[in-house]
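Topology and contacts: notes
Given next are the chains, with one letter for each unit.
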Amino acid sequence: MDKIVINGGKKLKGEVKVSGSKNSALPILFATLLTDEPCAIENVPSLADVNTTLAFLNFIGKRTVKSGSKVKILASGKYKHIAPYDLVRRMRASVLVMGPLLARLNKVDVSLPGGCAIGARPIDIHLEAFKKMGVKIKVEGGYVKTAAGKGLKGNKIEFRFPSVGATENILLAAALAKGKTEIVNAAREPEIVDLADMLNKMGAKISGAGSKTIVIEGVEKLRGVKHSVIPDRIEAATYLIAAAITKGKILLKNVCPEHLKAVIDKLKKCGMEIKETGKTVSAKWVNDLKPRNISTEVYPGFPTDVQAQWMALMCLLKGKSCVKENVFENRFLHVAELQRFGADLTIDGKFVNIKGVEQLSGAPVMVSDLRAGAALVLAGLAAKGRSTVSRIYHLDRGYELLERKLKKIGADIKIVRNGIK
Ligand code: UD1
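All of these numbers come straight from a predicted model, not from anything done at the bench. (Residues numbered from 1 in each chain as written. Predicted model: local features only at pLDDT ≥ 70, side-chain atom pairs only at ≥ 80, totals over all residues. Heavy atoms only, no water.)

1. Some words on the overall build of the chain
Just so we agree on the cut-off: Every helix listed is a DSSP run of H or I at least four residues long, and every strand listed is a run of E at least two residues long, numbered separately from the N terminus. Both definitions apply: the radius of gyration is a C-alpha atom measure, and the globule rule equals 2.2 Å times residues to the power 0.38. Three labels apply to residues, based on accessible area from a 1.4 Å probe with only protein chains included: buried if under 20% of the type maximum, exposed if over 50%, partly exposed otherwise in between. Any two residues whose heavy atoms approach within 4.5 Å are treated as being in contact. In this tally, Asp and Glu contribute negative charge and Lys and Arg positive charge; neither His nor the terminal groups of the chain are included. The location of each charge is read from NZ of Lys, CZ of Arg, CG of Asp or CD of Glu.
Assigned secondary structure in the chain consists of 14 helices and 24 strands. Radius of gyration (C-alpha) of the chain: 21 Å, near the 22 Å computed for a compact globule of 421 residues. Counting only residues that meet the buried cut, the chain has 54% of its 421 residues in that class. Long-range contacts, defined here as pairs at least 24 residues apart, represent 73% of the contacts in the chain between residues at least 6 apart. Across the chain, 69 positive and 40 negative side-chain charges occur, with their mean positions spaced 2 Å apart.

Take a look at the structure:
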């Protein structure tokens, strides 16, 4: 099994170029299904989830050519209306195929999603919204079978929770629907704004993205587009925490500092010296840090995707702190693994109480999901001695060139793939 081996205790120092956002790239790639014209997407990270999305597009009827961080998407044949289990099980974001295919074909059958092991993660908000747009839905043989009769119709849709995926799916569907769609209680994440910007460049009429109400006037047709994906705020936050946990100094390039505000504010409160300019953020450890509580919230709150990494940092700060997870159930699978490093953590429902320890010691640990994996790597970088992190395929889903980027700033880290260094 592939592993990461880390000899911890090195202060990380240097520059990191942040990659394009995974969570933006996936919906943007699916959005290319809305046109038959060629599309060129730039700043696309090389990750397992991106490869799955490209495999999806190829299966459905596109031809995709990836070269470095650029992807060209061309029409290839008639679209299929099926999203098979073999592709959907690899990535939960596969449900984003529903919006564009309902818009183009008026029907799509999607295998029920898999993805990270972080809670139930149902898709009821997506399905309720599609129903409001005139879609008939049944579940049969492990597939959600949907049909929109003669076409999708715009409507007012109020989400019970501002789901990121559901907001994206409805944006994708409503762009080509008949009439006006209004999403109330929409997600406000920067990835939503990126998708709306791309769709508007294709000729869509979307206003209000980034606020709680988004209005989409359906259009007949969308055209090809050239679009560059926004920087990955979660990858960036992970490296800022790497600077804090190793008492180092890291300069991040290719970032949007405003997307990182919640994490930067907390790190500053802990005592990190952080400076933001146009597209860079520098983080410097100057003195012992103080622990700070976090409570995950939808954007612009503290991101759930940084909760595990934050917890790793708190494990080493003198004093008590508390982490509250509000977005997902069961997103504490990293707690038991952090305890293997010697961390003092107790789960109490939605809370984890943390007592900082003087030192973590290297340990063999196992990754349960993508961001838990990042937390374990961070703990390994700070721990005394050798750590081996296994099941790293989760990390391949979300961190481009993780080993190379960490090595460049001084980490003693190597990936052992199937026993080969
Ligand atoms: C996206 C991100 C993920 C991030 C999450 C929250 C991608 C590819 N993934 O995931 O990294 O952690 O946003 O910021 O962009 N829910 C329902 N019913 C639904 C949909 C969601 O109950 O129909 C619940 C989920 O179980 C979860 C919460 O709502 O508890 C948030 O989910 P959602 O915002 O939809 O996250 P994703 O789009 O799956």
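2. Some words on the site of the ligand
Keep this limit in mind: A single heavy atom is enough: if one lies within 4 Å of a molecule or strand, its residue is considered near that molecule or strand. Residues adjacent in sequence count toward polar contacts only when both atoms are side-chain atoms; beyond that, a polar contact is any pair of N or O atoms within 3.5 Å, and within protein one must be able to donate a hydrogen and the other to accept it. Throughout, the Shrake-Rupley method with a 1.4 Å probe supplies accessible areas, and for residues the shown protein chains are the sole cover considered.
Near the ligand lie 19 residues; those nearest to it are Asp124, Ile125, Ser163, Asp305 and Val327. One of the side-chain nitrogen or oxygen atoms of Arg160 is found 2.9 Å away from an oxygen atom of the ligand. Here an oxygen atom of the ligand sits 2.8 Å away from a polar atom, N or O, in the main chain of Gly165. Contact with the protein chains hides 87% of the accessible area of the ligand, taken as 740 Å² for the molecule alone. Elements with a contribution of two residues or more to the shell around the ligand: α5 (124–132) and α6 (164–174).

3. Side note on the packing of helix α1 (residues 22–31) against helix α2 (residues 48–60)
For the record, the criterion: The convention used is that axes are lines fitted to C-alpha atoms, helices contributing only their stretch in contact, and that angles between N-to-C directions extend from 0 to 180 degrees. Roughly parallel refers to an angle under 35 degrees, roughly antiparallel to one over 145, roughly perpendicular to one between 65 and 115, and oblique to any angle outside these ranges. Under the scheme applied, nonpolar residues are Ala, Val, Leu, Ile, Met, Phe, Trp, Tyr, Cys and Pro; charged residues are Asp, Glu, Lys and Arg; polar residues are all the others, including Gly.
Their axes nearest at 10 Å, the elements α1 and α2 cross at an angle of 5°. Considering the angle they form, α1 stands roughly parallel to α2. From α1, Lys22, Leu26, Leu29 and Phe30 reach across to α2, where they touch Asp49, Val50, Thr53, Leu54, Phe56 and Leu57. The residue inventory of the contact of α1 with α2, partitioned by class, reads seven nonpolar, one polar and two charged.

4. Side note on the packing of α1 against helix α7 (residues 190–201)
Heads up, the rule is: It is the rotation of the near helix from the far one that decides the hand of a crossing: anticlockwise by less than a right angle makes it left-handed, clockwise makes it right-handed.
At a minimum axis distance of 9 Å, the contact between α1 and α7 shows a crossing angle of 30°. By the angle between their directions, the pair α1 and α7 is classed as roughly parallel. Of the two elements, α1 crosses α7, and the hand of that crossing is right-handed. Residues Asn23, Ser24, Pro27, Ile28 and Ala31 of α1 form the contact with α7, whose participating residues are Glu191, Asp194, Leu195, Met198 and Leu199. Counted by class, the contact of α1 with α7 contains six nonpolar, two polar and two charged residues.

That is the geometry; function is a separate question.
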